[in-house]
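Each chain is listed here by its residues.
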Amino acid sequence: MSTRVPHPVFTEEMRKTHTILFPNMVDIHFRLLQNVLEQSGYHARLLTNEGSQVSSTGQKYVHNDTCYPALLTIGQMISALETGGYDPDRTALVLPQTGGGCRASNYVSLLRKALRDAGYPQVPVISLNLQGLDDSPGFKITLPLLRKMLACMAYGDLLMILANQVRPYELQSGQTDQLVDQWIRELSGQFETGAGYDLHAMKRNDGLIARSFHEVPVRRVPKVKTGVVGEIYVKYSALANNHLEEFLRQQDCEIMMPGIMQFLLYAADMPLEDVRLYGGKKSTQVLNGVMLTYLTKYESLVMDAIGLYPEFTVPARYRRLKELAGGLIGTGCKMGEGWLLTAEMAELAESGYGNIVCAQPFGCLPNHIAGKAMIAKVRRRYPEANIVAIDYDPGAARVNQENRIKLMLSIARENLQQRTAAAAD
Ligand code: SF4
């Protein structure tokens, strides 16, 4: 006998009547994404509600063994409904579903149960995935929408990486952020007219974006260069990592946030790795092979544009990251962020961002294996690497997290002073 509880489905009609709420993760990328969804006929709202209410609501409606990213995203959505700002009879929620082996594949079911328990059984949940899991007839990822969504991720990476390399040195405070806003408006305008997301247009836009950041007046002085790696949600989401980026900026650091494209390439490549290691379907090879090729083109456009100006550091491409994992961790290790997380630490150490915060949800086994547990190995290869692993969960005190990062930064500053003095001799 089936124990499945029936749940409401997002229908064609709801497309006109319902507002779709989705949790924020990476600010620039998701602001672009919201505009694309709006232009595609959905009423989409990016959630930005924060505070202790979010995590306490999450703790109330999901089991305390559940991953912190699930607890926060579910808490954020239910507390948004509880504010009364959204009519539950005209609201839908969207969550990504990876379809991989890790617990993130169950977040959608957890959200549905939480909605029932919180008194919102009528709210449909849309699962955002490319595997055809959990169909929502009113929400279709058409080919043009998919291409625009991928373009949002590629443009988002480019804007994020360039902004992080310009903002700490800008002469006029706020100019970099204004430039980011200007590009979000410009790109969204292009998408609205059906332009801006084919490879040709992206190459042109990427070049213009890089030039505009190159032209921001700056004064480049030595600063502590810090990288951030970790579980994807905790790494990027200010809600989850207690505004880590903002904190590092206040500490006068230049930050390198590895891009989302690398994670997408990893997600497309890992089923191929399975086939290589264990055998599998020909169709997987073909489909994922096509996806990998396509994403690699996006990645190349972003990296080529950054490389146009020598003052910018170009992050390693996915292929290089995979090479860097060699000798540290097997590329069959692919739960959570898997070997990619280890490779990103190695890459940051190689590219001058060896002061690294490894942000991980407390109790996240995959990322403790590929993150915290790999630090000693990474340090053996890169003795200068200065890495701190920080756990995030509802019980972790922000002041303790920041004090541990400050300790890492004090070592980074000493190293920087020594290098600057040695260069001046
Ligand atoms: S990677 Fe970690 S946080 Fe994400 S689903 Fe797996 S266990 Fe949970």
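Residues numbered from 1 in each chain as written. Predicted model: local features only at pLDDT ≥ 70, side-chain atom pairs only at ≥ 80, totals over all residues. Heavy atoms only, no water.

### Description of the pattern of salt bridges
Then comes step 1: Counted by the stated rule, this structure contains 18 salt bridges.
Then comes step 2: Lys 223 is the partner of Asp 252 in a salt bridge, and the nearest nitrogen-oxygen pair spans 2.6 Å. With Asp 252 in the loop between α10 (244-250) and β6 (253-256) and Lys 223 in the loop between α8 (199-214) and β5 (224-230), the pair connects residues that are 29 residues apart, well separated along the chain.
Then comes step 3: Given the relative accessible area of 13%, Lys 223 is considered buried.
Then comes step 4: Across the pair Glu 323 and Arg 320 runs a salt bridge whose closest N-O atoms are separated by 3.2 Å. In this pair, Glu 323 and Arg 320 both sit in helix α13 (residues 318-325), 3 residues apart, roughly one turn of the helix.
Then comes step 5: Judged by relative accessible area, which is 49%, Glu 323 ranks as partly exposed. (Salt bridge = Lys/Arg side-chain N within 4 Å of Asp/Glu carboxyl O. Helix = DSSP H or I, 4+ residues; strand = E, 2+ residues; numbered from the N terminus. Buried < 20%, exposed > 50% of the residue type's maximum accessible area, 1.4 Å probe, protein only.)

### Some remarks on the site of the ligand
Then comes step 1: With respect to spatial proximity, the complete set of residues near the ligand consists of Cys 67, Pro 69, Cys 102, Arg 103, Ala 104, Tyr 107, Glu 231, Gly 336, Pro 361, Cys 364, Pro 366 and Asn 367.
Then comes step 2: Looking at the shell around the ligand residue by residue, the class counts come to 8 nonpolar, 2 polar and 2 charged.
Then comes step 3: No fewer than three residues from each of domain 1 (14-137) and domain 2 (224-259 + 315-424) sit in the shell around the ligand. (Near = heavy atom within 4 Å. Nonpolar A, V, L, I, M, F, W, Y, C, P; charged D, E, K, R; others polar. Domains from an automatic or database assignment.)

### Some words on the side chain of Thr 91
Then comes step 1: Position of Thr 91 relative to the elements: it lies in strand β3 (residues 91-96).
Then comes step 2: Within the structure, Thr 91 has its side chain in polar contact with the backbone oxygen of Asp 87 (distance 2.6 Å).
Then comes step 3: In contact with Thr 91, not counting residues within four places along its chain, are His 18, Thr 19, Leu 21, Leu 81, Tyr 86, Val 123 and Pro 124. (Polar contact = N/O pair within 3.5 Å; in protein donor to acceptor, adjacent residues only side chain to side chain. Contact = heavy atoms within 4.5 Å.)

### Focus on the pairing of strand β7 (residues 355-361)
Then comes step 1: The element β7 is largely enclosed, with a buried count of 7 among its 7 residues.
Then comes step 2: By the alternation rule, side chains of β7 split into Asn 355, Val 357, Ala 359 and Pro 361 and Ile 356, Cys 358 and Gln 360, which are all buried.
Then comes step 3: Pairing between β5 and β7: 5 bridges, direction parallel. Each bridged residue has a counterpart across the sheet, and for Gly 230 the counterpart in β7 is Ala 359. (Pairing = 2+ DSSP bridges.)

### Remarks on α13
Then comes step 1: Here α13 has its buried residues at Tyr 318, Leu 321, Leu 324 and Ala 325. Seen end-on, α13 carries its buried residues on one side only, within an arc spanning 110°.
Then comes step 2: Buried-residue contacts for α13 involve α11 (260-278), α12 (282-306), α14 (338-350) and α16 (375-381). (Arc of directions from axis to C-beta.)

### Side note on unusual backbone geometry
Then comes step 1: A positive phi is found at Asn 242, a non-glycine position, where the angle reads about 50°.
Then comes step 2: Phi is positive for Asp 252, which is not a glycine, with a value near 65°.
Then comes step 3: The class of Asp 252 is partly exposed, set by a relative accessible area of 44%.

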